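Chain by chain, the residues run as shown.
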Amino acid sequence: RGGNMDRKGTRIPRTKNVTIAIREFVRTERKNRKRVTARQILDFLARKGILRIPVDQRTGVYEETEFRAALRNVQRFVQ
């Protein structure tokens, strides 16, 4: 069987503190009757410094491929 069989590090640390922080964020948003999307959770994690996404130096916007990968990870984490 070919291919890389080593596990890769996770983008989002699977710690209790991270889980609690996300849960509290979602609860406060839902308390205000707001819908919470994976993008909002991604922005929250980036603001807290939990998730790092490279920013394009010229435009100041997230790099597209890195952003998409991070968003997929957040969606998978939230499921």
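Worth saying up front: this structure is predicted, and the values here are computed from it rather than measured. (Residues numbered from 1 in each chain as written. Predicted model: local features only at pLDDT ≥ 70, side-chain atom pairs only at ≥ 80, totals over all residues. Heavy atoms only, no water.)

### Structural notes on the overall build of the protein chain
Item 1. The helix and strand tally for the protein chain stands at three helices and zero strands.
Item 2. When the helices and strands of the protein chain are listed from N to C terminus, the series reads α-α-α.
Item 3. What you see for the protein chain is a C-alpha radius of gyration of 15 Å, clearly larger than the 12 Å of a compact globule of 79 residues, by over 25%.
Item 4. With the principal axes as the frame, the protein chain shows a C-alpha extent of 50 × 35 × 20 Å.
Item 5. Among the 79 residues that make up the protein chain, the fraction classed as buried is 23%.
Item 6. Within the protein chain, counting contacts between residues at least 6 apart in sequence, those at least 24 apart form 46% of the total.
Item 7. Surface exposure of the protein chain reaches about 6,600 Å², of which carbon and sulfur atoms provide 45%.
Item 8. Taken together, the 21 basic and 8 acidic charged side chains of the protein chain have centroids lying 9 Å from each other. (Helix = DSSP H or I, 4+ residues; strand = E, 2+ residues; numbered from the N terminus. Rg over C-alpha atoms; globule rule 2.2 N^0.38 Å. Buried < 20%, exposed > 50% of the residue type's maximum accessible area, 1.4 Å probe, protein only. Contact = heavy atoms within 4.5 Å. Areas by Shrake-Rupley, 256 points an atom, 1.4 Å probe, with all protein chains shown as cover. Lys, Arg positive; Asp, Glu negative; His and termini not counted. Charge placed at Lys NZ, Arg CZ, Asp CG, Glu CD.)

### Examining the pattern of salt bridges
Item 1. Under the defined criterion, the tally for this structure stands at five salt bridges.
Item 2. Of the charged contacts in the structure, one is a salt bridge between Arg11 and Glu66, with a shortest N-O distance of 2.8 Å. Note that Arg11 is positioned in the segment before α1 (16-31) and Glu66 in helix α3 (residues 64-78), a separation of 55 residues in sequence.
Item 3. The exposure class assigned to Glu66 is partly exposed, which follows from its relative accessible area of 26%.
Item 4. Residue Asp43 pairs with Arg39 through a salt bridge whose shortest N-O separation is 3.3 Å. A residue pair is termed a helical-turn pair when its members lie 3 or 4 positions apart in one helix, as Asp43 and Arg39 do in helix α2 (residues 38-48) at four residues.
Item 5. Taking the relative accessible area as the measure of exposure, Arg39 reaches 39% and is therefore partly exposed. (Salt bridge = Lys/Arg side-chain N within 4 Å of Asp/Glu carboxyl O.)

### Let's talk about the packing of α2 against α3
Item 1. Between α2 and α3, the shortest axis-to-axis distance is 9 Å and the interhelical angle comes to 105 degrees. Between α2 and α3, the angle falls in the class roughly perpendicular. Judged by residue contacts, Ala38, Arg39, Ile41, Leu42 and Leu45 of α2 engage Phe67, Ala70, Leu71, Val74, Gln75 and Val78 from α3.
Item 2. When grouped by side-chain class, the residues that make up the contact of α2 with α3 number nine nonpolar, one polar and one charged. (Axes fitted to C-alpha atoms, helices over the stretch in contact; angles between N-to-C directions. Parallel < 35°, antiparallel > 145°, perpendicular 65-115°, else oblique. Nonpolar A, V, L, I, M, F, W, Y, C, P; charged D, E, K, R; others polar.)

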